[in-house]
Amino acid sequence: MRAVASLQRLGRLVVAVPYIWLGLFFLAPFAIVLRMAFSQAATALPPYAPHWEGLAQIGEFLSQLGVDNFRLLGDDPLYWQSYLYSLRIAALTTVFALAIGYPLAYAMASAPSRWRSILLVFVILPFWTSFLIRVYAWIGILRPDGLLDATLALFGLEAGPLRLLNTETAVLLGMVYSYLPFMVLPLFATLEKLDRGLLEAAADLGARPVTAFLTVTLPLSLPGILAGAALVFIPAVGEFVIPDLLGGPDTVMIGKVLWSEFFSNRDWPLASAVAVVLLVVLVLPLVLLQRARLRREMAA
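Cut-offs used in this document
Residues numbered from 1 in each chain as written. Predicted model: local features only at pLDDT ≥ 70, side-chain atom pairs only at ≥ 80, totals over all residues. Heavy atoms only, no water. Helix = DSSP H or I, 4+ residues; strand = E, 2+ residues; numbered from the N terminus. Rg over C-alpha atoms; globule rule 2.2 N^0.38 Å. Buried < 20%, exposed > 50% of the residue type's maximum accessible area, 1.4 Å probe, protein only. Salt bridge = Lys/Arg side-chain N within 4 Å of Asp/Glu carboxyl O. Patch = residues over 30% accessible without salt bridge, like charges linked within 9 Å, V, L, I, M, F, W, Y side chains within 5 Å. Areas by Shrake-Rupley, 256 points an atom, 1.4 Å probe, with all protein chains shown as cover. Expected span 1.5 Å × (residues − 1). Bend = angle between axes of the 7 residues up to and from the residue. Contact = heavy atoms within 4.5 Å. Polar contact = N/O pair within 3.5 Å; in protein donor to acceptor, adjacent residues only side chain to side chain. Core = buried A, V, L, I, M, F, W, Y, C linked by side-chain atoms within 4.5 Å. Phe/Tyr/Trp six-rings, centres within 6.5 Å; stacked < 30°, edge-to-face > 60°. Lys NZ or Arg CZ within 6 Å of the ring centre and 35° of its normal.

(A) Quick look at the overall build of the protein. When helices and strands are counted, the protein shows 14 helices and two strands. For 300 residues, the compact-globule estimate of 2.2 N^0.38 gives 19 Å, and the C-alpha radius of gyration of the protein, at 25 Å, exceeds that figure by more than 25%. With the C-alpha coordinates of the protein rotated into their principal frame, the extents come out at 80 × 75 × 35 Å. Relative to its full complement of 300 residues, the protein shows a buried share of 30%.

Written out as structure tokens, the structure reads:
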């Protein structure tokens, strides 16, 4: 009995570890950011007020909190337009990554087993180089008279410089390239486990390859599609480096706005409000999707 009780306590401790980790490294920092979001900018260190000075002043502290920062996000077009633009760019990045990544993952999963590990290494190979260096490389490719223009001119396919750098197209190219592995890896993991006997059965029943793909492969790969879409879309919304280096004045994403408010304007409360709204925009659909998936599994 003592051994069973010890195992139960050990099991509870093991289960508690991720919750403790979540509380220390997500909930606690989020609480700090949320508190700053309801504060006001001040010439102080740190640059916001009111400050938490003790439990004896909790009433005074709460009375000084306000929602002016959140109200400003709705009143100033800069912020809500940046949100909408970031969501659009992230959605386009996800769609293009899926269009490129699905055939690539399917080809990898269909390859002989001895080649799959090698192909997987090729997918993750870009991670062996610094993210910043890879983005800078795109500057050399897309700049006027750069590598792309020189290659097209070599084959007589270009009449003049394309001038892709500092455009939305350059941002999309950089983001799709950078986040493509995050789409390929979960798709490959899902498609690799696919029972090929189901496709053979569909063919025996008279289904054409396209019909078998749409009725068998695609539905069974849906978990990989959703996982890959989440892994690409979520970081793409808050991306800062790629739009800053490859984009122009019209490619203002919410990550750039956050950086400007924190480091240029030193308006920490407003930047915190931007971050809180961004987190809600990203987390709420995921929570609703997870609840819908659980209800569907329970109904099945």
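Further notes follow.
(B) Summary view of the pattern of salt bridges. Inspection of the entire model under this criterion finds four salt bridges. The closest approach of N and O atoms between Arg71 and Asp68, which form a salt bridge, is 2.7 Å. In this pair, Arg71 and Asp68 are both assigned in helix α3 (residues 68-75), three residues apart and thus about one turn of the helix distant. Exposure remark for Asp68: the relative accessible area of 41% places this residue in the partly exposed category.

(C) Spotlight on a nonpolar patch on the surface. The grouping of Trp115, Ile118, Val121, Phe122, Leu125, Phe127, Trp128, Phe182 and Leu231 at the surface amounts to a nonpolar patch, some 880 Å² of accessible area in total. Here the nonpolar patch gets four residues from one element, more than from any other, and that element is helix α5 (residues 113-124). Of note, Val121 is situated in helix α5.

(D) Summary view of helix α8 (residues 168-192). In a regular helix each residue adds 1.5 Å, so 25 residues correspond to 36 Å; α8 covers 35 Å between its end C-alpha atoms and thus fits that length. At Tyr179, α8 shows its maximal kink, close to 40°; a proline, Pro181, follows between one and four residues later.

(E) Up close: the environment of Trp259. The topology assignment puts Trp259 in helix α13 (residues 254-264). What makes Trp259 partly exposed here is its relative accessible area of 34%. Residues Trp259 and Phe240 lie 19 residues apart in sequence; the distance between their C-alpha atoms is 8.1 Å. Those residues in contact with Trp259 that sit more than four places away from it in its chain are Phe240 and Ser264.

(F) Highlighting the side chain of Thr251. Mapped onto the elements of the fold, Thr251 is located in the loop between α12 (241-246) and α13. There is a polar contact of 2.8 Å between the side chain of Thr251 and the backbone nitrogen of Gly248. Every residue in contact with Thr251, bar those within four places of it in the chain, is listed here: Tyr85, Thr167, Glu168, Val171 and Pro243.

(G) A look at unusual backbone geometry. For Asp145, which is not a glycine, the phi torsion comes out positive at approximately 60°. Note that Asp145 resides in the loop between α6 (131-142) and α7 (147-154). Overall, the relative accessible area of 59% leaves Asp145 in the exposed class. The phi angle at Asn166 is positive, at roughly 65°, despite the residue not being glycine.

(H) Spotlight on the nonpolar core. Among the nonpolar cores identified, the biggest contains 47 residues, and Leu73, Ile89, Met175, Leu246, Val274 and Leu278 are the most heavily contacted of them. Secondary structure elements with two or more residues in this core: α4 (77-110), α6, α8, α11 (222-237), α12, α13 and α14 (268-299). Here this core takes eleven residues from α8, the largest share from any one element. Residues within four places of Ile89 in sequence aside, it is in contact with Glu168, Val171, Leu172, Met175 and Met253.

(I) Seen up close, the packing of aromatic side chains. Tallying each qualifying case throughout the model produces 13 aromatic pairs. Ring plane angle 45° and centroid distance 6.0 Å describe the contact between Tyr179 and Phe182, whose orientation is recorded as tilted. Placement of the pair is Tyr179 and Phe182 together in helix α8, with a separation of three residues, close to one helical turn. Ring-pair connections join several aromatic residues into one group, and the members of that group are Tyr48, Phe240, Trp259, Phe262, Phe263 and Trp268. Over the aromatic face of Tyr106 sits the side chain of Arg196, whose NZ or CZ is 5.8 Å from the ring centroid.

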